Amino acid sequence: MPKTVSEVRLDSLLNTAVDGIILIDDAMRILVFNSACEQLFGYEAEEVIGENVSMLMPHEYAHEHDDYVNHYMETGERRIIGIGREVRGKHRDGTDFPIELSVGEALTPAGRQFVGIVRDLRPRKAVERRLNQLQAELVHLARVSAMDEMGSAVAHELNQPLTAVMLYLQAVTRRIAGLNGDGPQDPMITETIDKAKREAERAGNIIQRMRHFVEKREPDRRSVALHTLVDDTLELTSVGTNSEGIQTHVELPDDLAPIEADPVQIQQILVNLLRNAFEAVRGSTDPKVFIRARQMPETVMISIEDSGPGIPQEVHERLFKAFSTSKRTGMGLGLSISRSIAQNHGGDLSVDPGGNGKGATFQLTLPHNANKQSKQLYPGAGAIAGSQPMTPHPITVEDHDEGGRQ
Ligand code: ADP
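Here the structure is a predicted model, which is why all the values come from computation and not from measurement. (Residues numbered from 1 in each chain as written. Predicted model: local features only at pLDDT ≥ 70, side-chain atom pairs only at ≥ 80, totals over all residues. Heavy atoms only, no water.)

Participant: I keep staring at the nonpolar core and nothing clicks. Help me out?
Facilitator: As a rule of thumb, nonpolar side chains are buried together in soluble globular proteins. Counting residues in each nonpolar core, the largest one holds 35 residues, and the members touching the most others are Ile-266, Phe-362 and Leu-364. Among the secondary structure elements, those contributing two or more residues to this core are α7 (226-237), β8 (259-261), α8 (263-281), β9 (288-295), β10 (299-306), α10 (334-344), β11 (348-352) and β12 (361-367). It is α8 that provides the largest number of residues to this core, a total of eight residues. Setting aside residues up to four positions removed in sequence, Leu-364 forms contacts with Ile-266, Ile-269, Leu-270, Val-300, Met-301, Ile-302, Ala-342, Asp-348 and Leu-349. Ile-22, Ile-24, Ala-45 and Phe-97 belong to the second-largest nonpolar core, a separate cluster that totals 25 residues. (Core = buried A, V, L, I, M, F, W, Y, C linked by side-chain atoms within 4.5 Å. Buried < 20%, exposed > 50% of the residue type's maximum accessible area, 1.4 Å probe, protein only. Helix = DSSP H or I, 4+ residues; strand = E, 2+ residues; numbered from the N terminus. Contact = heavy atoms within 4.5 Å.)

This is the structure we're talking about:
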């Protein structure tokens, strides 16, 4: 029998709806199952029509659903009808997923029927999860940055007492050196005071570097000697990092060409690589970190190798993406920022993940300026090594899957 106009209209309405629509009778048998439902639950309409609607619910909900319906039939009290509620649906493949279910009732000549409108909550849940995650990361970032501010404030506060200590020590030195002609000349005292002065000076230098490291500033490219930069960085890394018992070997050739770079930014990369390396070797029996450098025709390659466990495959795949970390307090920003700094300098940052008894080795390449002078003599000869690329390299942000951060 051909369909009536209103039947055709109803079919088209049902199958155009974005939400799933299910009609059941009072014995909970499915009467209508629209296209959106087919997509959601993975069944064709013909397969489910006449079946009990509980086949679309996880076991525990199916039970609850029976109770709802019986309770309503007996008492007329509405717990879901006209209200809508968040429940779970069961896909043909056995997996269950969050849905919003609103139920309406119709008293038809064929008896009482219920219509359920089903909305897939997975996209909304995924967005909510991502938002929560981002919010937690932001809160953490704010905490880290508050720590940095506290660090700079402490550095500022310490400057004055340190200068005072230096001045007192100088005064004592002058006194005992017999400037007034009557001071004692015990070498042990002079030596000890000299040691105290050196320590105070060292503390002053560390504080100055810390302040320089965290202060907000415009990028500044210049010719930088790597030896000094590495020494300064090691000193800086000793602040707030437990590197006790870790053997650090620095093997830099004496005649290394200077690099053309923003020293603070390169220091930022090295601090990050060294901190990660120190963290990776902590707890191993013979903890070692090697800092080496090799000069190539256009670049200098600085490598930082550690004797840690190496980087597991799943961490390695997302290593340079922002927010990928395996540490409880880590932001997972260090390596992605480090790589973009290196690339903005016309260099790069790569890694040999090691594993099987071998630690990780990070390789930082940066253009040196050994050839710069000769090239500048011939301005028509093309790009100068180390010149900045046209577009800045952005930080890569990891797209989180439904499971969220590992
Ligand atoms: P964070 O230090 O905040 O976690 P990073 O981007 O610096 O962020 O590092 C990301 C992750 O890479 C670390 O959490 C760690 O799992 C891994 N990683 C980095 N360096 C090493 C290393 N030398 N050995 C082993 N794993 C490392």
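Participant: Sorry if this is basic, but what is going on with the pairing of strand β3 (residues 85-90) here?
Facilitator: The side chains of a regular strand alternate between the sheet's two faces. Sheet analysis places β3 next to strand β4 (residues 96-108), joined by six bridges and oriented antiparallel. Within the sheet, the bridge partner assigned to Glu-86 lies in β4 and is Glu-100. Where β3 folds back onto β4 in an antiparallel hairpin, the turn is made up of five residues, including Gly-94, whose phi is positive at roughly 95 degrees. (Pairing = 2+ DSSP bridges.)

Participant: Can you help me understand the sheet that holds β4 in this one?
Facilitator: Two strands in a sheet stick together by hydrogen bonds in their backbones, pointing the same way (parallel) or opposite ways (antiparallel). Sheet architecture is open: five strands sit in the order β2-β1-β5-β4-β3, paired in antiparallel fashion. Edge positions in the open sheet fall to β2 (30-33) and β3, since each of these has one partner strand only. Between one strand axis and the next, the sheet turns by 35 degrees as a mean value, whatever way the strands run. Sheet topology places strand β1 (residues 20-25) next to strand β5 (residues 111-120); six bridges connect them, and they run antiparallel. (Axes fitted to C-alpha atoms, helices over the stretch in contact; angles between N-to-C directions.)

Participant: Would you mind showing me how to read α8 here?
Facilitator: One turn of the α-helix equals 3.6 residues, which is why residues spaced by three or four share an orientation. Across its 19 residues, α8 extends 27 Å between first and last C-alpha, which sits within 8% of the 27 Å expected from 1.5 Å per residue. Judged by how many residues are buried, α8 sits mostly within the fold: 14 of 19 residues are covered. The backbone nitrogen of Val-264 lies 3.1 Å from a side-chain oxygen of the residue at the head of α8, namely Asp-262. Looking at the residues trailing α8, positive phi occurs at Gly-283, about 90 degrees. (Expected span 1.5 Å × (residues − 1). Polar contact = N/O pair within 3.5 Å; in protein donor to acceptor, adjacent residues only side chain to side chain.)

Participant: Would you explain the packing of aromatic side chains in this entry?
Facilitator: The description of an aromatic ring pair rests on the distance of the ring centres and on the angle between the ring planes. Counted according to the given criterion, the structure contains two aromatic pairs. Taken together, a centroid distance of 6.2 Å and an interplanar angle of 45 degrees make the contact between Phe-33 and Phe-41 tilted. Measuring from centroid to centroid gives 5.7 Å for Phe-41 and Phe-97, while their planes differ by 50 degrees, and the two rings are tilted. You can see Phe-41 sitting in helix α2 (residues 35-41) and its partner Phe-97 sitting in strand β4, a full 56 residues away along the chain. For the pair Phe-41 and Phe-97, one class covers both residues: buried. Ring pairing ties together the aromatic residues Phe-33, Phe-41 and Phe-97, which thus form one cluster. (Phe/Tyr/Trp six-rings, centres within 6.5 Å; stacked < 30°, edge-to-face > 60°.)

Participant: It is not clear to me how the sheet that holds β9 should be interpreted in this structure. Could you clarify?
Facilitator: The five strands are arranged β7-β9-β10-β12-β11 in an open sheet whose pairing can be described as mixed. Lying at the two open borders of the sheet, with one neighbouring strand each, are β7 (247-251) and β11. For this sheet the average axis-to-axis angle between neighbouring strands, irrespective of direction, equals 15 degrees. Both β9 and β10 contribute to a ladder of seven bridges, which runs antiparallel. Of the residues in β10, the one forming a bridge with Gln-295 is Val-300. Packing of α7 onto the sheet brings it into contact with β7, β9 and β10, and relative to β7 it is tilted by some 170 degrees.

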